[in-house]
Amino acid sequence: LINDVLNNDIYSHNNFNGNLIININELKRNKVFDFAKVNINFKNGAISLDDTELVSKKFGSLKFITSELIEMDNKNILKANLELEIDNQKKFYQRFQISKSLRKPVDKIHLVVDKDLNSGDLKIYSIKIYYKNKKYVTQNINSYLDSINNEISMDSIYSLNNFFEEIFKQIN
């Protein structure tokens, strides 16, 4: 849907302004989130997904704090500042299969990402992990992200699980 919007030149016209809100009651084929509220903002030729929210009934929600959809090198790129709010730590750790020895109290994770909407490639430039507004030291996380060139595989839920496992190793 997002690619269809981006590929239609009418939406990128400088005089096209407005919001399109799509409530999705069930995300099929998604093993992490259950439902979503997608907020597509059109302003003077720019498109963003600010205030979009993906919700897991089990552990919390992912919110788009700021975002922009851009075309770069014939690719549709979503640049986003995201906040993962964790309401149930136990279910979060179970969902991403984080070893018990690596688990730390956590209630928010901030991410700065670029997602190629054509290929699915994902780059993560920053991860900050919080508990009660106290940030964990992220120096090792940043070094890890540099070592993988900020790229993570999104080809399966197992890849995502492995990524989160590695991130939590870095704060121990």
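Just so it is clear, the structure is predicted and the values come from calculations on it, not from any experiment.

Trainee: Please explain the nonpolar core as it appears in this structure.
Mentor: One broad rule of soluble globular proteins: the nonpolar side chains tend to lie buried together. Residues F92, I109, I124, I127, I129 and F168 are the most contacted members of the largest nonpolar core, which totals 43 residues. Apart from residues no more than four positions distant in its own chain, F168 is found in contact with F92, Y93, I98, L102, V106, I109 and I129.

Trainee: Help me out: how do you make sense of the layout of surface pockets in this one?
Mentor: In this approach, a probe sized like a water molecule rolls over the atoms, and the result shows the empty space that is left. Looking at the largest pocket, its volume works out to about 1,300 Å³. Around the largest pocket, the lining is made up of 37 residues, and of these N30, F33, L54, K115 and M154 lie nearest the centre. Among the secondary structure elements, those contributing two or more residues to the lining of the largest pocket are α1 (2–7), β1 (18–24), β2 (35–43), β5 (60–72), β6 (75–86), β7 (108–116), β8 (122–131) and α4 (157–170). With 4 residues, the single largest contributor to the lining of the largest pocket is α4. A per-class count over the lining of the largest pocket returns 29 nonpolar, 4 polar and 4 charged. There is about 180 Å³ of room inside the second largest pocket. Around the second largest pocket sit M72, D73, K75, I77, D114, K115, D116, D121, L122, K123, Y125 and E151, which together line it. Counted by class, the lining of the second largest pocket contains 4 nonpolar, no polar and 8 charged residues.

Trainee: What is the right way to look at the pattern of salt bridges in this model?
Mentor: For side chains of opposite charge, pairing can occur when their charged atoms come near one another. Per the stated rule, a full pass over the model turns up 4 salt bridges. For K63, the salt bridge goes to E85, with nearest N and O atoms at 3.3 Å. In this pair, K63 is assigned in strand β5 and E85 in strand β6, connecting sequence segments 22 residues apart. The partner of D114 in a salt bridge is K79, with the nearest N and O atoms 3.0 Å apart. Residue D114 is located in strand β7, and its partner K79 is located in strand β6; the two are separated by 35 residues in the primary sequence. For D114, a relative accessible area of 12% puts it in the buried group.

So, how was this worked out
Residues numbered from 1 in each chain as written. Predicted model: local features only at pLDDT ≥ 70, side-chain atom pairs only at ≥ 80, totals over all residues. Heavy atoms only, no water. Core = buried A, V, L, I, M, F, W, Y, C linked by side-chain atoms within 4.5 Å. Buried < 20%, exposed > 50% of the residue type's maximum accessible area, 1.4 Å probe, protein only. Contact = heavy atoms within 4.5 Å. 1 Å grid on protein atoms, 1.4 Å probe; cavity = no way out; pocket = protein on both sides within 12 Å on 5 of 7 lines; lining within 4 Å. Points joined across faces, edges and corners; volume = space filled by probe spheres on them. Helix = DSSP H or I, 4+ residues; strand = E, 2+ residues; numbered from the N terminus. Nonpolar A, V, L, I, M, F, W, Y, C, P; charged D, E, K, R; others polar. Salt bridge = Lys/Arg side-chain N within 4 Å of Asp/Glu carboxyl O.

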